[in-house]
Amino acid sequence: MANQAEFARRLAKFPPSIWGTTFASFSLKDSEIESYTNQVEKLKEEVKDMLVQSNNQGVVQNIEFINLLCRLGVSHHFESLIEQHLNLIFTSLTDFLAHNDCDLYTVALIFRVLRQHRQKVPCDVFNKFKGDNGEFKNDIVSDVKGLLSLYEASALSVHGEDILDEALDFTKQHLETLSTQVSPHFQNQIRNALLCPVHCSMERFQALLFISIYQEDDSRIEILLKFAKLDYNRLQLLYREELAVVSRWWEVLDLAGKLKYARDRIVEVYVWALGCMVDPKLVKSRELVAKYTQLAMTVDDTYDAYGTIEETRLFTAAFERCNIDSIGELPEYMQHLYKAILGLFGETENDGASYKTLYAKEMFKELTRADLQEGEWYNSGSVPTFDEYLNNALITTTGELLTSAFFLGLEDVGMKEIIWVRQAPTIVKSTKLFVRLFDDIASHVDEQNRGDCPSSVECYMNEFGVSQEIAYVEIKKMIANAWKDINEEYMNPSRVSTTVLNYYLNFARMANFVYKIRDAYTYSVHLQVYVSKLFLEPLQV
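Residues numbered from 1 in each chain as written. Predicted model: local features only at pLDDT ≥ 70, side-chain atom pairs only at ≥ 80, totals over all residues. Heavy atoms only, no water.

1. Quick look at empty space enclosed by the protein
Across all of its chains, the model carries 3 cavities of 30 Å³ or more by this definition. In this model, the largest cavity occupies a volume close to 510 Å³. Around the largest cavity, the lining is made up of 32 residues, and of these Arg263, Asp300, Thr396, Arg436 and Asp439 lie nearest the centre. Listed by contribution, the elements that provide at least two residues to the lining of the largest cavity are helix H14 (283-305), helix H17 (354-380), helix H18 (386-396) and helix H21 (426-450). Per element, the largest residue contribution to the lining of the largest cavity is 7 residues, and it comes from H21. Split into classes, the residues belonging to the lining of the largest cavity amount to 12 nonpolar, 7 polar and 13 charged. (1 Å grid on protein atoms, 1.4 Å probe; cavity = no way out; pocket = protein on both sides within 12 Å on 5 of 7 lines; lining within 4 Å. Points joined across faces, edges and corners; volume = space filled by probe spheres on them. Helix = DSSP H or I, 4+ residues; strand = E, 2+ residues; numbered from the N terminus. Nonpolar A, V, L, I, M, F, W, Y, C, P; charged D, E, K, R; others polar.)

Shown next, in the form of C-alpha cells:
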C-alpha cells in the first residue's frame, strides 16, 4: 500500500531532453580550430585598418562601420579601439549634429550605437523629425531604412522619454504596413526587428541573423563578411566544446537518470549562459553558470514537481548546514542532489577565493528557503499578496545565485562586486523583476494546469480583484518599466565594470529569448532550431 507521502506528490511529467548525448560525445579537433584561428588572424589586421580608415573618413562612416562590427559579432576583437572612437564621437556630437543635416537613419544609428556603449545621447536629437503639430512628419513614413533605424533606437528608451515611446508606436505601425511592400532584403530586416529589436535579444543569435542579411546587401564588404563568417565558425567550435564539457559533467552525475521527475536541460541552460556571457574569454564563468543553473532547476523541480512538503523542509534544513554529515537526514533520492551540489561547491572551494564559493553557498541556501516558501503557500492553499510573492520570487529567479557562479569564473572580480550586488542596485533589482515577470507570463497557464504555487498573475488577480487579461496587461507594463530601468542604469556611471553590467543586461535579454512564446526551459522544443543553428550548423564561407 502506498504511504501518505506518495499521495502528496505533484508529478509534472516534464518532456525529456531532445538532445540525448549529442553534445557529450563531441570532440574538438585541434586542426579544425587552428585552421579557423589562422584565417581569422590573417584578416583581423585588414579589418582593423578598415576601422581606423572609417574614423578618418568621418563620424557617419565610423559609426556605420562600428555598427557593422557589432551586428556581425566581431567587435570583441577591437573593443579598446571602438571605445576610443565612440568616446570621441560622443564628446563632439552636439557640435557635429549642429553643423550637419543628418537624416533619420543616421541620427537614430548614432543614438543607438552610442547608447548601447553606455553613452547617454539625449533623446531630443529626434525633435527635428517632428512637425509643428507635435507628431512625426509624414515624409519619413516611406523611409524604410530610417523607420527601421528609429524603431531599433526606441528600444533604448528610459523613463520620461515620451518621444521614444511615440517613436516605438509610430515605427511599429508603419513597418508592419511596409513589410509587405518592400524588397525581400528589407522584409527580412523588418520581420527580425519586429520579432525582437537587436538591443533586446541574444547577441550571438542576432549576429547569425545579421550575417545572413548582410551577405544579401549589395554594398557589403566581402573581406568583412568573410571575417565574420570565419570568426562565427571558430567560436561555434569553441562554444560547442564548452557545451560538451558541461554535458559530460551532467552525464557523469547521472541526475537525469536518478531523478526522472526533473528537467534534463543542460543544453538549454548552456544557451542561457552563452547569452549572458558571449565574450570568448569568459569560458569558466559560462561553464559554472550552466552547472549552477541546471542544479538550481533540479532543486526547483524537487520542491514543486515531486518532493512532499515534509521532504522539502528536511532538505532546506539540511542545506542550511551545507555539509555531507547532514545527508543521512534526507530521503535517498534527495541525497543524490545534495551530493551533486556539494560537489559543485568543491570545484571552486580551493581556488584561492574561497569567499566567493561561500557567497555561492549562501545564495543556494537563500534559494532553497524561497523554494520552500512557495511550497508552503501551495500546501496551505494560501495566495500571498503581490508584494509578498515578488519579494520571494526575485530570489527564485536564481538571478543572484547565478551571479555568484559568474563571479566564481572571474579572477578580477571580488568582494567589491559582491557587496555591490547585495546592496541591490537598480539594475540588479530590475533585471530580476524583468526575468521573473516575463517567466510568469510565459509559463502561467502550464504551471497552473499542472498545479503549482500562485504566480504573479494569480497574486495580482486576487489582490486587486481583476481578470487574468487585466493582470497580464498590468504586469506587461511592469516588464516594460523594468526594461527602462535597466537601460537607465546601464548608461549611468557605476562602481562595477562594464563586464558585470553587460551580464545583467544580457540576463534580461535571455529572458526575452527563452520566454518569448512559452517557457522554453520546460518545453525545450521551442529552442531546438536555435540550438541547431548556434552549435551544429557552420556557415558556408
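Following the structure, the description resumes.
2. Considering the packing of H18 against helix H22 (residues 456-464)
Where H18 meets H22, the axes come as close as 8 Å, and the angle between the chain directions of the two elements is 160 degrees. Between H18 and H22, the crossing angle belongs to the class labelled roughly antiparallel. Of the two possible hands of crossing, H18 and H22 adopt the one that is left-handed. Across the interface between the two elements, Phe386, Asp387 and Tyr389 of H18 pack against Ser456, Cys459, Tyr460, Glu463 and Phe464 of H22. Tallied by class, residues from the contact of H18 with H22 come to 5 nonpolar, 1 polar and 2 charged. (Axes fitted to C-alpha atoms, helices over the stretch in contact; angles between N-to-C directions. Parallel < 35°, antiparallel > 145°, perpendicular 65-115°, else oblique. Left-handed = near helix turned anticlockwise from the far one by under 90°. Contact = heavy atoms within 4.5 Å.)

3. Brief notes about the state of the cysteines
As enumerated under the stated definition, the model contains 0 disulfides in all. Here Cys200 is not cross-linked by a disulfide; its sulfur's nearest cysteine counterpart is in Cys196, at 5.3 Å. (Disulfide = S-S within 2.5 Å.)

4. A few points about the nonpolar core
Counting residues in hydrophobic clusters, the biggest one holds 181 residues, and the most contacted among them are Phe126, Trp272, Tyr292, Leu295, Phe364 and Phe535. If one sorts the elements of this core by residue count, helix H11 (residues 222-253) sits on top with 14 residues. If sequence neighbours within four positions are ignored, Trp272 has contacts with Leu402, Val435, Phe507, Met510, Ala511, Val514, Tyr515 and Tyr521. (Core = buried A, V, L, I, M, F, W, Y, C linked by side-chain atoms within 4.5 Å. Buried < 20%, exposed > 50% of the residue type's maximum accessible area, 1.4 Å probe, protein only.)

5. Examining a negative patch on the surface
A grouping of Glu41, Glu45, Glu46 and Asp49 is seen on the molecular surface, where their side chains present a negatively charged patch. By the secondary structure assignment, Asp49 is in helix H2 (residues 30-57). (Patch = residues over 30% accessible without salt bridge, like charges linked within 9 Å, V, L, I, M, F, W, Y side chains within 5 Å. Areas by Shrake-Rupley, 256 points an atom, 1.4 Å probe, with all protein chains shown as cover. Salt bridge = Lys/Arg side-chain N within 4 Å of Asp/Glu carboxyl O. Lys, Arg positive; Asp, Glu negative; His and termini not counted. Charge placed at Lys NZ, Arg CZ, Asp CG, Glu CD.)

6. Some words on H18
Looking only at H18, the buried set comprises Phe386, Tyr389, Leu390, Asn392, Ala393 and Thr396. Just downstream of H18, Thr398 is the residue with a positive phi angle, here 65 degrees.

Interpretation note: all reported values are geometric properties and have no functional meaning in isolation.
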